Amino acid sequence: MTFDTIIRGGTVATAADTFACDIGIVDGRIAALGTSLGAARETVDAAGRLVLPGGIDSHVHLAQPSGPGIVMADDFESGTRAAAFGGNTLVLPFAMQQKGESLREVVKAYHAKAEGQCYVDVSFHLIIADATDRVLGQELPALVADGYTSFKVFMTYEGLALSDLEMLEVMSVARETGALVMIHAENYDAIRFLTDRLERAGKTAPRYHAASRPIPVEREATHRAISLAELTDVPIMIVHVSNGEAMEEIRRAQQKGLRVYGETCPQYLVLTEKDLAGLNMEGARYVCSPPPRDEASQRACWAGLEQKVFALFSSDHCPFRYDDPQGKLTPKGRTSFRWVPNGIPGVETRLPILFSEGVKKGRISLNDFVALTATNHARMYGLYPRKGTIAVGADADLAIWDPERQVTISQRLLHHGSDYTPYEGLAVTGWPVSTMVRGRFVVRDGELVGTKGSGAYVPRAKSPYAVPRPS
Ligand code: DUC
Ligand code: ZN
Ligand code: ZN
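In short, a report on the structure.

Definitions and cut-offs
- Residues numbered from 1 in each chain as written.
- Chains lettered and ligands numbered in written order.
- Predicted model: local features only at pLDDT ≥ 70, side-chain atom pairs only at ≥ 80, totals over all residues.
- Heavy atoms only, no water.
- Helix = DSSP H or I, 4+ residues; strand = E, 2+ residues; numbered from the N terminus.
- Rg over C-alpha atoms; globule rule 2.2 N^0.38 Å.
- Buried < 20%, exposed > 50% of the residue type's maximum accessible area, 1.4 Å probe, protein only.
- Areas by Shrake-Rupley, 256 points an atom, 1.4 Å probe, with all protein chains shown as cover.
- Lys, Arg positive; Asp, Glu negative; His and termini not counted.
- Charge placed at Lys NZ, Arg CZ, Asp CG, Glu CD.
- Donors = N, O, S within 2.8 Å, 3.2 Å for Na, K, Ca; no water.
- Phe/Tyr/Trp six-rings, centres within 6.5 Å; stacked < 30°, edge-to-face > 60°.
- Salt bridge = Lys/Arg side-chain N within 4 Å of Asp/Glu carboxyl O.
- 1 Å grid on protein atoms, 1.4 Å probe; cavity = no way out; pocket = protein on both sides within 12 Å on 5 of 7 lines; lining within 4 Å.
- Points joined across faces, edges and corners; volume = space filled by probe spheres on them.
- Nonpolar A, V, L, I, M, F, W, Y, C, P; charged D, E, K, R; others polar.
- Near = heavy atom within 4 Å.
- Polar contact = N/O pair within 3.5 Å; in protein donor to acceptor, adjacent residues only side chain to side chain.
- Sits in = over half its atoms within 2 Å of the grid points.

**Some points on the overall build of the protein**
Working step 1: Looking only at helices and strands, one finds twelve helices and 20 strands in the protein.
Working step 2: At 21 Å, the protein has a C-alpha radius of gyration in line with the 23 Å of a compact globule built from 471 residues.
Working step 3: In the protein, which comprises 471 residues, the proportion classed as buried is 61%.
Working step 4: In the form shown here, the protein has an accessible surface area of approximately 17300 Å², with 49% of it arising from carbon and sulfur atoms.
Working step 5: When the 50 basic and 55 acidic side-chain charges of the protein are each reduced to a single mean position, those positions are 1 Å apart.

Below, the structure written as structure tokens:
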């Protein structure tokens with residue numbers, strides 16, 4: 001057999017094993033694993049390198065409307081390019097409904113934004129902001145059947161927050177259709193109360209963002225979301241968990257046998273609330289929700305990863321420019337932290353941060369790294385085994401890593417649309433040097449070689465983690 005490409009001499013790691021092996025690729029898929037595979041049109045030397053499944057980042061925001069006068073810093077072109085440089089081969093952004101919109105039209109609009117723009121493969125979660133009878137009774141079940149098999153709901157934010165009744169209604173549609181519900185767990189009323197009180201006291205600097213949504217705000221909402229899911233007997237994913245109290249709520253639910261899953265993100269491992277305390281608006285660079293907490297919370301998030309309470313490690317890439325009144329500096333006259341757009345960039349730095357802080361520092365194994373950054377995402381969201389692993393028959397979605405490369409993270413090295421990185425100055429060891437999507441290099445030895453539009457939309461099966469149990 002003649003292969004299109006053989007990747008030779010690398011150390012291959014999956015979620016289960018690490019082994020020395022060559023990878024033979026035909027028509028974008030892995031056709032053989034072994035040694036002495038024979039002839040290929042092209043042979044890639046991977047000696048001294050790790051060859052890993054391409055990262056799957058199942059929590060990114062691209063080209064989302066973000067409130068009056070605010071513009072998100074990444075569209076599908078820049079966001080997927082940055083993803084490829086960060087060792088990712090597939091991202092899952094959100095198609096976000098706003099009040100009054102048809103969900104089907106929203107999905108069409110996001111496809112139009114992505115069409116011809118992507119460097120890596122893309123699939124969509126939905127965001128349900130308007131749980132009308134039509135959405136719940138018709139649009140949502142039809143979209144789940146069409147491969148949009150997961151959706152996010154918010155317990156906070158004006159225009160997005162669902163009431164408990166609406167959450168229960170959405171959850172019961174998820175139960176009927178076998179979809180997975182992702183939950184942003186923060187108590188809306190508590191945030192409003194605390195924000196008003198802080199503002200009345202003149203505490204409007206970015207650092208007070210953290211004080212407006214302290215840990216009990218997240219813990220209470222996490223507990224409530226789990227209770228509502230228990231009532232409706234539906235599996236849920238609690239996204240972007242920032243601290244030990246919320247993590248323990250998830251662990252307790254798991255120990256009771258509930259299908260409650262968790263996700264954490266780089267900002268909760270390496271940033272703290274202190275980062276929000278810069279002079280003037282400097283702290284706005286770190287404003288995201290939930291906010292970064294303290295060292296004890298960082299340790300708890302590590303424990304959640306090590307002990308597998310968290311199945312997923314995602315970026316929650318939600319990029320805004322800093323030095324920009326359409327970004328973190330906020331439109332004129334809107335001076336309180338209340339108006340600072342919530343979210344930070346991270347799609348390009350997620351993998352090096354976990355590799356360096358996790359694998360290199362001995363906190364997690366290389367195989368757990370692969371599980372947390374690729375395989376579990378594919379499994380959780382109905383993409384496995386075509387995506388998320390290195391196996392015969394899988395798509396040749398691969399990242400080739402230099403495990404010893406020392407890099408100091410800096411905005412100058414990155415490719416996202418933001419004008420800063422919250423991880424500026426963080427020294428990491430290990431970097432993805434080449435990224436291949438379905439057998440074609442998108443990034444090769446640090447250079448962009450892929451073409452815009454080569455990333456494809458991937459419809460998804462239902463999550464095996466969300467199959468309804470017989471009632
Ligand atoms: N939730 C997210 O998932 N991303 C950014 C902002 C937010 O609140
Ligand atoms: Zn969220
Ligand atoms: Zn998010």
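**Quick notes on the coordination of the zinc ion (ligand 2)**
Note on metal geometry: ideal angles are 109.5 degrees for four donors arranged tetrahedrally and 90 or 180 degrees for six donors arranged octahedrally.
Working step 1: The protein atoms that coordinate the zinc ion (ligand 2) are K152 (NZ), H184 (ND1) and H240 (NE2), at distances spanning 2.1 to 2.2 Å.
Working step 2: Within one chain, the residues serving as donors to the zinc ion (ligand 2) are arranged as K-x31-H-x55-H.
Working step 3: Distance-wise, the zinc ion (ligand 3) is placed 4.1 Å from the zinc ion (ligand 2). Here H184 is found in strand β13 (residues 180-184), whereas its partner H240 is found in the loop between β14 (236-238) and α8 (244-255), with 56 residues between them in sequence.

**A word on the packing of aromatic side chains**
Working step 1: This structure, assessed with the given rule, holds ten aromatic pairs.
Working step 2: Taken together, a centroid distance of 6.2 Å and an interplanar angle of 25 degrees make the contact between F124 and Y457 stacked. Of the two residues, F124 is situated in the loop between β10 (121-122) and β11 (125-127) and Y457 in the segment after β20 (447-448); the sequence distance between them amounts to 333 residues.
Working step 3: Judged by relative accessible area, which is 30%, Y457 ranks as partly exposed.

**Notes on the coordination of the zinc ion (ligand 3)**
Working step 1: Within the protein, the atoms that donate to the zinc ion (ligand 3) are H59 (NE2), H61 (NE2) and D316 (OD), at distances of 1.9 to 2.0 Å.
Working step 2: Site description for the zinc ion (ligand 3): donor spacing in sequence, H-x1-H-x254-D.

**Section: the pattern of salt bridges**
Working step 1: In the structure shown here, the tally under the stated rule is 36 salt bridges.
Working step 2: The partner of R224 in a salt bridge is D164, and the shortest N-O contact between them spans 2.7 Å. You can see R224 sitting in helix α7 (residues 215-232) and its partner D164 sitting in helix α4 (residues 164-177), a full 60 residues away along the chain.
Working step 3: One network of salt bridges, in which partners are shared, links R29, D121, R386, K387, D395, D397 and R438.

**Structural notes on empty space enclosed by the protein**
Working step 1: Within the structure shown, the criterion is met by one cavity of 30 Å³ or more.
Working step 2: Approximately 40 Å³ is the volume found for the largest cavity.
Working step 3: Lining the largest cavity, in full, are L52, P53, G54, G55, L351, F369, V370, T373, A374 and W401.
Working step 4: Those elements that place two or more of their residues in the lining of the largest cavity are β7 (50-53) and α12 (366-380).
Working step 5: Counting residues per element, the lining of the largest cavity draws most heavily on α12, at four residues.
Working step 6: Grouping the amino acids of the lining of the largest cavity by side-chain chemistry returns seven nonpolar, three polar and no charged.

**Overview of the site of ligand 1**
Working step 1: Close to ligand 1 lie H59, H61, K152, Y157, H184, H240, S289, D316, C318 and N342, which account for all nearby residues.
Working step 2: Measuring from an oxygen atom of ligand 1, one finds a side-chain N or O atom of K152 at 2.5 Å.
Working step 3: With respect to ligand 1, the side chain of H240 contributes an N or O atom lying 3.2 Å from an oxygen atom.
Working step 4: A total of 230 Å² of accessible area belongs to ligand 1 in isolation, and the protein chains cover 96% of it.
Working step 5: The cavity where ligand 1 resides is the largest pocket.
Working step 6: In terms of residue class, the shell around ligand 1 is made up of two nonpolar, six polar and two charged.

**Here's the deal with the layout of surface pockets**
Working step 1: Considering only enclosed or pocket space, the largest pocket measures out at about 1200 Å³ in volume.
Working step 2: For the largest pocket, the lining is made up of 42 residues, of which S66, Y157, E158, R338 and N342 are closest to its centre.
Working step 3: Take the lining of the largest pocket: its biggest share by element is four residues, from helix α5 (residues 188-200).
Working step 4: For the lining of the largest pocket, the per-class residue count stands at 18 nonpolar, 16 polar and eight charged.

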